[in-house]
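Here's the letter readout for the chains.
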Amino acid sequence: MSNTKVLPLLEPEASEVVAPCCPPLTERPFSAEEAETAARMFKALGDPVRLRLFSAVASHEGGEACVCDISDVGVSQPTVSHHLKKLKEAGLLTSERRGTWVYYRVEAPVLAAMGKLLTIAPAAA
């Protein structure tokens, strides 16, 4: 049994408007919960190998990548699996097993939420 929590980066809405995990950094100070959520996401991406794997999946043709196509990041296969697991635990990747291979995907709402987090909030009128 794992005590790892999956991060709720988004709250799905019927209109499919992306709701980020946190407000833009320039909008207001984060609550303790928002800061913890964002920190987990950034911590997962703070490792160069994980960032390369995340980028490889996000930029792969078709929006998903087989582990066999993205494992050439200069570390052993077990280490690649470890880093992919950490990205999944942070809520940044999803995966699906197809036969003997695992395919990874970065959901578009996750990228949109990350982008909104790092945007400058519009000035109050």
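The model shown is predicted, which means the values in this text are computed figures rather than measured ones.

What follows is about the nonpolar core. Residues L53, F54, L84, L87, L92 and L93 are the most contacted members of the largest nonpolar core, which totals 25 residues. Listed by contribution, the elements that provide at least two residues to this core are α1 (32-45), α2 (48-59), α3 (67-70), α4 (77-89), β3 (101-105) and α5 (108-117). With sequence-adjacent residues up to four places away left out, L93 is seen in contact with F54, V57, L84, L87, K88, Y104, R105 and V106.

Let us look at the confidence of the model for the chain. When pLDDT is averaged along the chain, the result is 80; 79% of the residues meet or exceed 70. Model confidence for the chain, summarised as mean pLDDT per element, is weakest for α5 at 80 and strongest for α2 at 94. Across residues 4-19 the pLDDT falls below 50, and counting only partners more than four positions away or on other chains, this stretch makes 33 contacts in the model.

Attention shifts here to α2. For α2, spanning twelve residues, the distance from its first C-alpha to its last is 16 Å, which sits close to the expected 16 Å at 1.5 Å a residue. Restricting attention to buried positions, one finds in α2 the residues V49, R50, L53, F54 and V57. The buried residues of α2 occupy an angular sector of 135° when the element is viewed end-on, so they sit on one face. Along α2, the residues that are exposed and aim more than 90 degrees away from the buried face are P48 and S59.

Our focus in this paragraph is the sheet that holds β3. Within the open sheet, the three strands sit side by side as β1-β3-β2. Their pairing is antiparallel. Unpaired on one side and paired on the other, β1 (64-66) and β2 (94-98) mark the two borders of the sheet. Averaged over neighbouring strand pairs, the angle between their axes works out to 25° when direction is ignored. When β2 meets β3, the two strands line up antiparallel, connected through five bridges.

Our next topic: the pairing of β3. Burial along β3 is one-sided: V102 and Y104 are buried, while W101, Y103 and R105, pointing the other way, are not. Alignment of β1 against β3, held across three bridges, turns out to be antiparallel. Bridged to A65 within β3 is Y104. Linking β2 back to β3 in an antiparallel pair, the connection comprises two residues, with G99 at a positive phi of about 65°.

Criteria and thresholds
Residues numbered from 1 in each chain as written. Predicted model: local features only at pLDDT ≥ 70, side-chain atom pairs only at ≥ 80, totals over all residues. Heavy atoms only, no water. Core = buried A, V, L, I, M, F, W, Y, C linked by side-chain atoms within 4.5 Å. Buried < 20%, exposed > 50% of the residue type's maximum accessible area, 1.4 Å probe, protein only. Helix = DSSP H or I, 4+ residues; strand = E, 2+ residues; numbered from the N terminus. Contact = heavy atoms within 4.5 Å. pLDDT = per-residue confidence, 0-100. Expected span 1.5 Å × (residues − 1). Arc of directions from axis to C-beta. Pairing = 2+ DSSP bridges. Axes fitted to C-alpha atoms, helices over the stretch in contact; angles between N-to-C directions.

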